[in-house]
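Notes for the structure review
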Amino acid sequence: MDLNRATEIIKNSDRITVFTGAGISTASGIPDFRGENGLYRTVQKTYNLPSGETLFDIDYFDWDPRPFYRFTGDMYGLDPQPTRCHRLLARWEEEGRINLVITQNIDGLHQKGGTKHLLECHGTYDRGHCRACGCEYGLDEYEATMIRGEVPHCSCGGVIKPDVVFFGENLPDEFYRLWENPPESDLILILGTSLNVHPASDLALKLINRAPSLIVNRDATDFDRFIDTVIHGELEEFARTMEESFRFTL
Ligand SMILES: [Zn+2]
């Protein structure tokens, strides 16, 4: 992986907008969703689902929320921590190099890693709403139940669902506001995503029409030809090299 070019580009940028996907979190132990040994394949078996995607299907959740919460409990058990790459982005933001991180992930690792300006395209576990009465809950009100892998209930008896975006649900309003008003960027840095999850990835594709772009991803993507600089490799190696080039310790 030749990262000299990437280093040079990033050193000359101070309004970088970053777009991340599952690949940035795999080093923390969270499996990719769609890969060969991805989550969707294993959860189908583990939780006896019609398909892996059912885990995040809103109709299925309303019918039976237990598999989603068993899965969430299991993920808590892994106790994932921010990767070197998450910390790298927080460091660059602190230095004023990054203006916004847009993520497709719902693992909360960007916040944990220290990123402040963040758009979570697929929502968050930090808040939840009752499916019956619409009442809002903070994470601290239902986290303990989720950690046990059990279904949290509202005082009305309805099921609480975290504000993560399921199939069949709209993306958060912030996503559409950003779509209408994209940030001024001098570089679009795409990390750990094959840009195949729509409509979130459409935002990245829109942004790369407006500014120079650089992708670092393990595998080739269908969109590489539209991106100015393409690097195939592991993000941990990318982060380690950047750590050396920028002379800081993460
Ligand atoms: Zn309720």
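Residues numbered from 1 in each chain as written. Predicted model: local features only at pLDDT ≥ 70, side-chain atom pairs only at ≥ 80, totals over all residues. Heavy atoms only, no water.

**Section: the domain arrangement of the chain**
Parsing the chain into structural domains produces domain 1 (4-29 + 82-122 + 171-245) and domain 2 (39-79 + 128-164). On a C-alpha basis, the centres of domain 1 and domain 2 stand 28 Å from each other. Between domain 1 and domain 2, the residue contacts involve 4 residues of the former and 5 residues of the latter. Buried surface at the junction of domain 1 and domain 2, summed over both partners, amounts to about 270 Å²; 61% is from carbon and sulfur atoms. Inspection of the region where domain 1 meets domain 2 yields 0 salt bridges. Where domain 1 meets domain 2, there are 0 residue pairs in polar contact (both at pLDDT 80 or more). Classifying every residue of the side of domain 1 that touches domain 2 gives 1 nonpolar, 2 polar and 1 charged. (Domains from an automatic or database assignment. Contact = heavy atoms within 4.5 Å. Buried area = accessible area lost by both parts, 1.4 Å probe. Salt bridge = Lys/Arg side-chain N within 4 Å of Asp/Glu carboxyl O. Polar contact = N/O pair within 3.5 Å; in protein donor to acceptor, adjacent residues only side chain to side chain. Nonpolar A, V, L, I, M, F, W, Y, C, P; charged D, E, K, R; others polar.)

**Concerning the pairing of strand 1 (residues 16-20)**
Of all 5 residues that make up strand 1, 5 are buried, and the element is covered over most of its length. Taking every second residue as pointing to the same face, both faces of strand 1 are buried, with Ile16, Val18 and Thr20 on one and Thr17 and Phe19 on the other. Relative to strand 2 (residues 98-103), strand 1 is paired through 5 bridges, and the arrangement is parallel. By the bridge assignment for strand 2, Ile16 is matched with Ile98. (Buried < 20%, exposed > 50% of the residue type's maximum accessible area, 1.4 Å probe, protein only. Helix = DSSP H or I, 4+ residues; strand = E, 2+ residues; numbered from the N terminus. Pairing = 2+ DSSP bridges.)

**As for the nonpolar core**
Counting residues in hydrophobic clusters, the biggest one holds 26 residues, and the most contacted among them are Leu55, Phe56, Phe68, Phe71 and Phe166. Looking at this core, the elements that each hand over two or more residues are helix 2 (39-46), helix 3 (58-63), helix 4 (66-78), strand 4 (123-130), helix 7 (139-147) and strand 6 (160-164). Looking at this core element by element, the count peaks at 4 residues for helix 4. Excluding residues that lie within four positions of it along the chain, Phe68 makes contacts with Leu55, Phe56, Phe61, Tyr125, Pro162, Val164 and Phe166. Residues Leu3, Ala6, Val18 and Phe246 belong to the second largest nonpolar core, which totals 25 residues. (Core = buried A, V, L, I, M, F, W, Y, C linked by side-chain atoms within 4.5 Å.)

**Things to note about the sheet that holds strand 6**
Within the open sheet, the 3 strands sit side by side as 5-4-6. Their pairing is antiparallel. Each of the sheet's edge strands pairs with one partner strand only, and the pair in question is strand 5 (136-138) and strand 6. Each neighbouring strand pair of the sheet contributes to a mean axis angle of 40°, computed without reference to strand direction. In this structure, strand 4 lies alongside strand 5, joined through 3 bridges in antiparallel fashion. Across the sheet, His129 pairs through a bridge with Glu136, a residue of strand 5. In the packing of helix 4 onto the sheet, contacts are made with strand 4 and strand 6, and the angle to strand 6 comes to roughly 65°. (Axes fitted to C-alpha atoms, helices over the stretch in contact; angles between N-to-C directions.)

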